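An overview of the molecular structure
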Amino acid sequence: MSANADATAASPSPPPLHPPTRPCVVLVGAGPRGTGLLERIAANAPELYGDAPLDLHLVDPHPPGGGRVWRRDQSPLLWMNSTAEDVTMFTDESVEQEGPVRPGPSLAEWAALVRAGEIPAPGELAGPIRGLGPQGFAGRQVQSAYLEWVYGRAVAALPPRVTVHEHRRRAVRVAGPRGGRQQVWLEGRPAPLVADLVVLALGHLDAQPPPEQRALAAFAERHRLTYVPSDFTADADLDGLAPGEPVLVRGFGLAFVDLMVLLTEGRGGSYGTGPDGEPVYRPSGREPVLYVGSRRGVPYHSKIGYTWRGERPPLPRFFGPAQVDELLARPGGLDFRRDVWPLIDKELGFAHYHRLFTAHPERVRADRAAFEEKYAAAEPLSDELRALVAAAVPDPADRLDLDALDRPLAGVRHADSQALQDGLRGYIEADLARRHDPAHSPDLAVFLALLSVYGQLVRLGDHGPWWHGFFSYLASGPPGPRLRQLLALSRAGVVRFLGAGVTVTADQERGVFRARGTSAPGVLVEARALVEARLPQPTVADTKDALLRGLYDEGAASTGTGLLAVDPRDGRVLDRAGRPHPRRFALGPHTDARGSGAFSRPRTNAPSFRQNDATARALLRFLREPAVPEPVRHPPR
């Protein structure tokens, strides 16, 4: 097997690309998702394709493995938000797939192999890798090196007559008949790549801003203000945020955490240790003052800081394949909050109370078997279920209330800004204490149930942005050390909290942005800078990606929230009549079968791994017997 880079990448007059004489697949996107698919192609090829020749063209302007988001060329200050032992690119016995399991090291195991000298160390990262333990949080540069290694291993595992061609360019258009070869145009190339099959593994995409943000951007331009639109924080232009000046920030998730890091440590600040052992921030004088708020008004929950011990809840229990089958069989379509959410609520509750009964029996007042029998019989979200829980779990703090979790500051009002700062610091301190205390291990059970639910939801398609935000808020928050740094920045006055229900308006008379929240209604902040610390929504109608937008304009189907509709079985792109395209596939967050991230926790039957395997096998079967599949219709979801 060989891998060839695009030799014409720097050539001013590249020769035209001739139609291939060998079978050919173009994979657009060589980041973690494309790399995972490549690994599955290598694993399945011996069974399904043998030693026949094949050209694989990987198209991505960024280096393969890490792609854009995980590229090596970003600040060493930026971390992952998962521990090293919870990150893998390899399948295991838990993954429900037709293809073979090809085990490989997790990020933590890879780092140990590097330290042992069994894998060559990336020179400039030897120090960070040396200090990375299983429960440590790797820098994104280290993760990039791991992904590059996985990519190299996947390429090496391909059969000898498979050749990988790397093109460091953007793909800008796909065309071709349903029954014939496809053409993929690359930026700066006069002739297209010609392929039997095309796979879009585009990852996270930029998007056109919604009308409200466009209006704020125009206002900023008229009044010479600074406006930073939704973007990946590592790519955002932050130079206009002046030292000492107030900056309004909308968004309190992971994009904010990156912003916080780049505008503090990234500008020369540092942390020491105070008398109480907590971090103390030492400003450089180059930091702006960040006024941050959001709908919830609080940061995402801290990552849980302990490991599982004891009996695991048997998942799935109330939201598994049988329940999904029933939901798919209902006529008239589904409403997420009406039809799906009650089952999810019951599933998460089951995991919570299973753990409470098994690990903390002194905090319950019922027989476990009897409780679980009645729990199973009760309707989700019913008064009967609430009464059952209230009788069995005397302390309200031990009961799971997902609505209260989603609105932690509902009804909370502070008299002034200082009271708001004190209140939010108290909330964050309590969250850190809880998420690092095994006495609250039902929280970890709920996390495991969230992973199980995510795996089932793949079959139901697009569930709207609320669910993904809720999942991230509970299960994909920042490392505990980041929230301790946030507290230090708050105490130093570099970060100021705005609370929940934040609204931002443009004051036309004064020529400034104004922000107010519901947690302290009397507090109004004015600033000449506004940052949208939120990722763009991955909609095909508003994407800045020319290729994806072109597919949509030419008839590819999208869902109600704008995701690209695909066949849930193997990722084939659907048209607006629900027909799967025989030669075009798509995987990732821009689709309605996005599943979990491109990499996952070991032994969790990751949806993305299942999807990668199914798509790889569909590609190889087509190449072996290039027949158009039966025209099964899948109404866009």
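Being a predicted model, the structure only gives us computed values, none of them experimental.

Focus on the confidence of the model for the protein chain
The pLDDT averaged across the protein chain works out to 93; a share of 95% of its residues lies at or above 70. Here residues 7-16 is modelled with pLDDT under 50, and outside its nearest four sequence neighbours on either side it reaches 10 contacts, counting other chains as well.

Topic: the packing of helix H6 (residues 254-262) against helix H15 (residues 480-491)
Across the interface, H6 lies against H15 with an axial gap of 11 Å and an inter-helix angle of 55 degrees. As summarised for this structure, H6 and H15 are arranged oblique, according to the angle between their axes. The handedness of the crossing between H6 and H15 comes out as left-handed. On H15, the residues that touch Phe256, Val257, Met260 and Val261 of H6 are Arg482, Gln485, Leu486 and Leu489.

Here's the deal with the sheet that holds strand S7 (residues 171-175)
In spatial order, the strands read S7-S8-S9; together these three strands make up an open sheet with antiparallel pairing. Two strands lie at the open edges of the sheet, namely S7 and strand S9 (193-195), each paired on one side alone. Each strand axis lies, on average, 20 degrees off the axis of its neighbour in the sheet, ignoring direction. Bridging between S7 and strand S8 (residues 182-186) involves four bridges; their strand directions are antiparallel. Residue pairing in the sheet places Val174 in a bridge with Val184 of S8.

Notes on the pattern of salt bridges
Tallied over the full model, the rule gives 38 salt bridges. Across the pair Arg601 and Asp86 runs a salt bridge, and its minimum N-O distance is 2.8 Å. Residue Arg601 is located in the loop between strand S22 (580-586) and helix H17 (607-624), and its partner Asp86 is located in the loop between strand S4 (79-83) and helix H2 (107-115); the two are separated by 515 residues in the primary sequence. Under the relative-accessibility criterion, Arg601 is labelled partly exposed at 22%. Glu526 is the salt-bridge partner of Arg514, the closest N and O atoms lying 3.6 Å from each other. One end of the pair, Arg514, is in strand S18 (residues 512-516); the other, Glu526, is in strand S19 (residues 524-527), and 12 residues separate them in sequence. Classification of Glu526 as partly exposed rests on a relative accessible area of 28%.

Structural notes on helix H16 (residues 546-553)
Every buried residue belonging to H16 is among Leu547, Leu548, Leu551 and Tyr552, and all of these are buried. In a view along the axis of H16, the buried residues occupy a sector of 135 degrees, so they form one face of it. On its buried side, H16 packs onto strand S2 (24-28), S7, strand S10 (197-200) and S22. Here H16 starts with a cap whose side-chain oxygen sits 3.3 Å from the backbone nitrogen of Leu547, and that cap is Asp545.

Let's talk about the packing of aromatic side chains
A full pass over the atoms with the stated rule returns 24 aromatic pairs. The interplanar angle of 90 degrees and the centroid separation of 5.5 Å between the aromatic rings of Trp341 and Phe470 together place this pair among those described as edge-to-face. Of this pair, Trp341 sits in helix H8 (residues 336-359) while Phe470 sits in helix H14 (residues 465-475); the two residues are 129 residues apart in sequence, bridging distant segments of the chain. Taken individually, Trp341 and Phe470 each receive the classification buried, so the pair is uniform in this respect. Arg317 extends its terminal NZ or CZ atom over the ring of Phe350, reaching a point 5.9 Å from the ring centre.

Some thoughts on the side chain of Ser302
Tracing the chain through its elements places Ser302 in the loop between strand S15 (289-293) and helix H7 (321-329). Since its relative accessible area comes to 0%, Ser302 is described here as buried. When sequence neighbours within four positions are dropped, the list of residues in contact with Ser302 reads Asp431, Leu432, Arg435, His436, Pro478, Pro479, Gly480 and Leu483.

Observations concerning the nonpolar core
Ranked by size, the top nonpolar core spans 87 residues in total, and within it Phe256, Phe319, Ile344, Trp467 and Phe513 carry the most contacts. A per-element tally of this core places helix H13 (residues 442-457) first, with 10 residues. Phe319 has contacts with Val324, Leu327, Val340, Leu343, Ile344, Glu347, Val453, Gln456, Leu457 and Leu460, leaving out every residue within four places of it along the chain. Of all hydrophobic cores here, the second largest spans 30 residues; its members include Val25, Ala45, Val162 and Leu587.

Some details on unusual backbone geometry
Omega for the peptide link from Leu315 to Pro316 comes to -5 degrees, which places this bond in the cis form. Relative to the helices and strands, Pro316 resides in the loop between S15 and H7. The phi dihedral of Arg224 is positive, around 55 degrees, even though this residue is not glycine. With respect to the helices and strands, Arg224 occurs in the loop between helix H5 (211-222) and strand S11 (226-228). Positive phi, close to 60 degrees, is recorded for Arg603, a residue that is not glycine. Take Arg603: it is sitting in the loop between S22 and H17. By relative accessible area, Arg603 is classed as exposed at 58%.

Cut-offs applied
Residues numbered from 1 in each chain as written. Predicted model: local features only at pLDDT ≥ 70, side-chain atom pairs only at ≥ 80, totals over all residues. Heavy atoms only, no water. pLDDT = per-residue confidence, 0-100. Contact = heavy atoms within 4.5 Å. Axes fitted to C-alpha atoms, helices over the stretch in contact; angles between N-to-C directions. Helix = DSSP H or I, 4+ residues; strand = E, 2+ residues; numbered from the N terminus. Parallel < 35°, antiparallel > 145°, perpendicular 65-115°, else oblique. Left-handed = near helix turned anticlockwise from the far one by under 90°. Pairing = 2+ DSSP bridges. Salt bridge = Lys/Arg side-chain N within 4 Å of Asp/Glu carboxyl O. Buried < 20%, exposed > 50% of the residue type's maximum accessible area, 1.4 Å probe, protein only. Arc of directions from axis to C-beta. Polar contact = N/O pair within 3.5 Å; in protein donor to acceptor, adjacent residues only side chain to side chain. Phe/Tyr/Trp six-rings, centres within 6.5 Å; stacked < 30°, edge-to-face > 60°. Lys NZ or Arg CZ within 6 Å of the ring centre and 35° of its normal. Core = buried A, V, L, I, M, F, W, Y, C linked by side-chain atoms within 4.5 Å.

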